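Residues per chain, in single letters:
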Amino acid sequence: MPAMLRFTGDDKDLTLDELAQFVEDARKAGVPGDNPVRAELSTSQKIKEIEVAVDVDRS
């Protein structure tokens, strides 16, 4: 199972600043730009949690 980078909102829903920090941290960790991102949404369709695999076996 690959290592994951996961962010959740400080309150309940992820803010734009928190999303930008997630992207910055993923880039610093060397996550390729074509890795898929998984998000868990609230019932109001706001992002509660977002994650991406840090390293993916592409063989």
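Everything in this summary refers to the structure shown in the same document. (Residues numbered from 1 in each chain as written. Predicted model: local features only at pLDDT ≥ 70, side-chain atom pairs only at ≥ 80, totals over all residues. Heavy atoms only, no water.)

Our next topic: the nonpolar core. By size, the foremost hydrophobic cluster in this structure holds eight residues: Leu5, Phe7, Leu14, Phe22, Ala26, Val31, Ile50 and Val52. When residues no more than four places from it in sequence are discounted, the contact partners of phenylalanine 7 are Leu14, Glu18, Gln21, Phe22, Asp25, Lys48, Glu49 and Ile50. (Core = buried A, V, L, I, M, F, W, Y, C linked by side-chain atoms within 4.5 Å. Buried < 20%, exposed > 50% of the residue type's maximum accessible area, 1.4 Å probe, protein only. Contact = heavy atoms within 4.5 Å.)

As a further point, take the sheet that holds strand 2 (residues 37–41). Sheet architecture is open: three strands sit in the order 1-3-2, paired in antiparallel fashion. The open sheet has two edge strands with one neighbour each: strand 1 (4–8) and strand 2. Between one strand axis and the next, the sheet turns through 15° on average, direction left out of account. (Pairing = 2+ DSSP bridges. Helix = DSSP H or I, 4+ residues; strand = E, 2+ residues; numbered from the N terminus. Axes fitted to C-alpha atoms, helices over the stretch in contact; angles between N-to-C directions.)

Looking now at the environment of lysine 12. Looking at the secondary structure, you find lysine 12 in the loop between strand 1 and helix 1 (16–28). Taking relative accessible area as the criterion, lysine 12 reaches 53% and is therefore assigned exposed. A sequence separation of 30 residues divides lysine 12 from serine 42, and the C-alpha atoms of the two residues are 8.8 Å apart. The contacts of lysine 12, once residues within four sequence positions are left out, are Ser42, Ile47 and Lys48.

Take the pattern of salt bridges next. This model, assessed by the stated rule, comprises six salt bridges. One salt bridge in this structure joins glutamate 51 and arginine 6, with 2.5 Å as the shortest N-O distance. You can see glutamate 51 sitting in strand 3 (residues 47–53) and its partner arginine 6 sitting in strand 1, a full 45 residues away along the chain. Using a relative accessible area of 9% as the deciding quantity, one classes glutamate 51 as buried. Judged by its relative accessible area of 47%, arginine 6 is partly exposed. Salt bridges sharing common partners tie together Arg6, Arg38, Glu49 and Glu51. (Salt bridge = Lys/Arg side-chain N within 4 Å of Asp/Glu carboxyl O.)

Bringing the pairing of strand 3 into the picture now. Buried residues dominate strand 3, accounting for five of its seven residues. Bridge analysis of strand 1 against strand 3 gives five bridges, and the strand direction is antiparallel. Across the sheet, the residue bridging to threonine 8 is glutamate 49, located in strand 3. Summarising the sheet, strand 2 and strand 3 pair through five bridges and their orientation is antiparallel. Within strand 3, the residue paired with alanine 39 across the bridge is isoleucine 50. Between strand 2 and strand 3, which pair antiparallel in sequence order, lie five residues; one of them, glutamine 45, sits at a positive phi of approximately 70°.

Taken by themselves, the reported measurements are silent on function.
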